[in-house]
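Coordinates in review
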Amino acid sequence: LSLDERIFVKCRGGRVLRGRLHAYDTHLNMVLGKVTEEITIIDIDEETYEENVRVEKRTVELLFVRGDTVVLVSPPLRTF
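These notes cover the structure that comes with them. Sequence order sets the numbering: in each chain, residues are counted from 1 along the sequence as written. Reporting of local features is limited, given that this is a predicted model, to residues whose pLDDT is at least 70; pairs of side-chain atoms are given and counted only at 80 or more, and all residues count toward the totals for whole chains, interfaces and linings. Water and hydrogen atoms were dropped before computing side-chain values, which therefore reflect all heavy atoms in the structure.

Our next topic: the sheet that holds strand 4 (residues 51-65). The sheet built from 5 strands is open, its strands ordered 4-3-2-1-5 with antiparallel pairing. Both edges of this open sheet fall to strand 4 and strand 5 (70-74), since each of them pairs with a single strand only. Neighbouring strand axes in the sheet, compared pairwise and without regard to direction, differ in orientation by 25° on average. Judged from the 6 bridges that link them, strand 1 (residues 6-11) and strand 2 (residues 15-24) form a sheet pairing that is antiparallel. The residue of strand 2 that forms the bridge with cysteine 11 is arginine 15. Two strands pair if DSSP finds at least two bridges between them. Put simply, DSSP marks the helices as runs of H or I at least four residues long and the strands as runs of E at least two long, and each gets a number from the N terminus on. Convention adopted: a line fitted to C-alpha atoms gives each axis, helices being fitted over their contacting stretch, and angles between N-to-C directions are expressed from 0 to 180 degrees.

Before going further, it helps to spend a moment on the pattern of salt bridges. Just to be clear on terms, a salt bridge is a Lys or Arg side-chain nitrogen sitting within 4 Å of an Asp or Glu carboxyl oxygen. Inspection of every chain in the model, using the stated rule, returns 7 salt bridges. The shortest N-O distance in the salt bridge between glutamate 38 and arginine 18 comes to 3.5 Å. Placement of the pair is glutamate 38 in strand 3 (residues 30-44) and arginine 18 in strand 2, with a sequence separation of 20 residues. Between buried and exposed lies partly exposed: a residue is buried under 20% and exposed over 50% of the maximum accessible area for its type, with that area taken using a 1.4 Å probe on protein chains only. Look at glutamate 38 and you get partly exposed, because its relative accessible area is 21%. For arginine 18, a relative accessible area of 28% translates into the label partly exposed. Between arginine 54 and glutamate 56 there is a salt bridge, with the nearest N and O atoms lying 2.6 Å from each other. Residues joined by salt bridges that share partners form a network here, namely Arg15, Glu37 and Arg58.

Here we take up the side chain of glutamate 37. Structurally, glutamate 37 is set in strand 3. Exposure remark for glutamate 37: the relative accessible area of 2% places this residue in the buried category. Contacts described as polar in this section are N or O atom pairs within 3.5 Å, which, within protein, must combine one atom able to donate a hydrogen with one able to accept it, while residues neighboring in sequence count only if both atoms come from side chains. One polar contact links glutamate 37 to arginine 15, side chain to side chain, over a distance of 2.6 Å. A distance of 2.3 Å separates the side chain of glutamate 37 from the side chain of arginine 58, its partner in a polar contact. It only takes one pair of heavy atoms within 4.5 Å for two residues to be counted as in contact. Apart from the residues lying within four places of it in its own chain, the contact partners of glutamate 37 are Arg15, Val16, Leu17, Glu56, Lys57 and Arg58.

Before going further, it helps to spend a moment on the nonpolar core. Within this scheme, the nonpolar core is defined by two criteria: the residues are buried Ala, Val, Leu, Ile, Met, Phe, Trp, Tyr or Cys, and they are joined through side-chain atoms within 4.5 Å. Ranked by size, the top nonpolar core spans 12 residues in total: Ile7, Val9, Cys11, Leu17, Leu21, Met30, Leu32, Val35, Val60, Leu63, Val65 and Val70. Ignoring sequence-local partners within four residues, the contact set of isoleucine 7 consists of Leu1, Leu17, Arg18, Gly19, Leu21, Met30, Leu32, Val73, Ser74 and Pro76.

Next up, the structure:
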């Protein structure tokens, strides 16, 4: 990981973060700036038992991420 680099972080609970890495430690606690967060929420209809998947997005100027929630860290995906 390089400081001031854009990264992609996948967390437990269906959270996906994209932002600029400002700081991190050995536990993978991170401080990210200019973050785009996507949360995938799956609701189950009690009558039909159908899964309804929705994605909520928000932007945050500065975010602290606990290392124990992190599943994956990588450079952002490139599209050609």
